[in-house]
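Examination of the molecular architecture
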Amino acid sequence: MRAALFAREPLCTECSKHGRVTLATERDHIKPLAEGGADDDSNIQGLCHSCHESKSHAEALRGRHRARR
Ligand SMILES: [Zn+2]
């Protein structure tokens, strides 16, 4: 599953939006499970470490369902 994702989308989705080309290293739920997101491929994207960190942080502030790291 993890390998399949990175084969299909090897780049960080968030960086791509900003015109940056960064290799994705983290598998992310586009809509967090804590906020009702589905746990399937349609809700999965690849992010680089720093984008994943900032997204997770924003989600923690929003919901407090997730532990902060
Ligand atoms: Zn990124």
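This report concerns the structure included in the present document. (Residues numbered from 1 in each chain as written. Predicted model: local features only at pLDDT ≥ 70, side-chain atom pairs only at ≥ 80, totals over all residues. Heavy atoms only, no water.)

This part covers the pattern of salt bridges. Tallying each qualifying case throughout the model produces 4 salt bridges. Across the pair lysine 17 and glutamate 14 runs a salt bridge, and its minimum N-O distance is 3.4 Å. In this pair, lysine 17 and glutamate 14 both sit in helix 2 (residues 13-17), 3 residues apart, roughly one turn of the helix. Between arginine 62 and glutamate 35 there is a salt bridge, and its shortest N-O distance comes to 3.1 Å. Separated by 27 residues along the polypeptide, arginine 62 in helix 3 (residues 49-63) and glutamate 35 in the loop between strand 1 (26-29) and strand 2 (44-47) bring together distant segments of the chain. Each of Asp28, Lys55 and Glu59 takes part in salt bridges that share partners, so that together they form one network. (Salt bridge = Lys/Arg side-chain N within 4 Å of Asp/Glu carboxyl O. Helix = DSSP H or I, 4+ residues; strand = E, 2+ residues; numbered from the N terminus.)

What follows is about the coordination of the zinc ion. Donor atoms from the polypeptide that coordinate the zinc ion comprise Cys12 (SG), Cys15 (SG), Cys48 (SG) and Cys51 (SG), at 2.3 Å from the metal. In this structure, the zinc ion is coordinated by 4 donor atoms arranged in tetrahedral fashion, with angles at the metal of 104 to 115 degrees. Counting gaps between the donor residues of the zinc ion yields the pattern C-x2-C-x32-C-x2-C. The burial state of cysteine 12 is the same as that of cysteine 15; both residues are buried. (Donors = N, O, S within 2.8 Å, 3.2 Å for Na, K, Ca; no water. Tetrahedral: all angles 85-135°; square planar, octahedral: opposite > 155°, others 65-115°. Buried < 20%, exposed > 50% of the residue type's maximum accessible area, 1.4 Å probe, protein only.)

With that out of the way, let us pick up helix 3. With 15 residues, helix 3 should reach 21 Å at 1.5 Å per residue; the first-to-last C-alpha distance of 21 Å fits that figure. For helix 3, the set of buried residues is Cys51, His52, Lys55, Ser56, Glu59 and Ala60. Buried residues in helix 3, looked at end-on, bunch into an arc of 170 degrees, giving them a common side. Tucked into the core, helix 3 has its buried residues touching helix 2, strand 1 and strand 2. (Expected span 1.5 Å × (residues − 1). Arc of directions from axis to C-beta. Contact = heavy atoms within 4.5 Å.)

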